[in-house]
Amino acid sequence: MFNHVWGLLAHPDREFQQISQRKETITHLYSSYILQMAAIPVICSAIGTTYFGWMLGEDRVIQIMPVTALYIGVVFYLMLLVAVAIVGKVIHWMAHRYQQNPSLSQCIIFAGYTATPMFLSGIVALYPLVWLCLLAGIVGLCYCAYLLYSGIPAFLHIDHNEGFIFSSSTLAIGILVLEALLGLTVLLWGYGSHFW
């Protein structure tokens, strides 16, 4: 798992080619990679919101009880797992017009590995300053976009020229999914103390 993380951050083209050659399955992807990576932002958010609380200003802190954080964490974790599959299905749907026409399995696997920087950006939620979390999210999103652009030719075998249009459209839809997920996350973590 950690070899893939380092490879995707250091040399994504080569890493995507290696992943593509392994003929991985969705079950293996989730069991050996996504389940662990998706736990990073969930665990960090749970720790940060229970011990420090969301810091919205100098005087405004929203702290959540551990039991509430557990419930919210489970929902947040499931949302992350589903989001990977949704983005993979979007990639598959958009790939139908290309001659290579990758399988749904390949597209979900590609989406899972492309989401790596977003999962890693969740580390900053250990000390949940809103501006810091937003900054880390933006950096993670930018690197996800880079992985998307560089990985489409290497993993999905779509030509660079066609891949630019494909990845731009996929990125736009992926951002919409991310915004919906972030909105739900803010509701869950930010106002969780009011719900439970």
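Here, the structure is the one placed above.
Draft legend 1. Structural view of the overall build of the chain. Counting its regular elements, the chain contains eight helices and two strands. Along the chain direction, N to C, the helices and strands of the chain fall in the order α-α-α-β-β-α-α-α-α-α. Taking 2.2 N^0.38 as the reference for a compact globule, 196 residues should give roughly 16 Å; the C-alpha atoms of the chain span a radius of gyration of 17 Å, in line with that estimate. Projected onto its principal axes, the C-alpha coordinates of the chain cover approximately 55 × 30 × 30 Å. Buried positions account for 49% of the 196 residues belonging to the chain. Put simply, of all contacts in the chain between residues at least 6 apart along the chain, 72% involve residues at least 24 apart.

Draft legend 2. Quick peek at helix α7 (residues 130-156). The sharpest bend along α7 reaches about 40° and sits at S150, with the proline P153 one to four residues further on. One or two positions beyond α7, positive phi appears at H157, with a value near 60°.

Draft legend 3. A look at a nonpolar patch on the surface. A grouping of I43, I47, Y51, F52, I123, L126 and Y127 is seen on the molecular surface, where their side chains present a nonpolar patch of about 670 Å² in accessible area. By the secondary structure assignment, I123 is in the loop between α6 (116-121) and α7. Among the residues examined, I123 registers a relative accessible area of 42% and is labelled partly exposed.

About the thresholds
- Residues numbered from 1 in each chain as written.
- Predicted model: local features only at pLDDT ≥ 70, side-chain atom pairs only at ≥ 80, totals over all residues.
- Heavy atoms only, no water.
- Helix = DSSP H or I, 4+ residues; strand = E, 2+ residues; numbered from the N terminus.
- Rg over C-alpha atoms; globule rule 2.2 N^0.38 Å.
- Buried < 20%, exposed > 50% of the residue type's maximum accessible area, 1.4 Å probe, protein only.
- Contact = heavy atoms within 4.5 Å.
- Bend = angle between axes of the 7 residues up to and from the residue.
- Patch = residues over 30% accessible without salt bridge, like charges linked within 9 Å, V, L, I, M, F, W, Y side chains within 5 Å.
- Areas by Shrake-Rupley, 256 points an atom, 1.4 Å probe, with all protein chains shown as cover.
- Salt bridge = Lys/Arg side-chain N within 4 Å of Asp/Glu carboxyl O.

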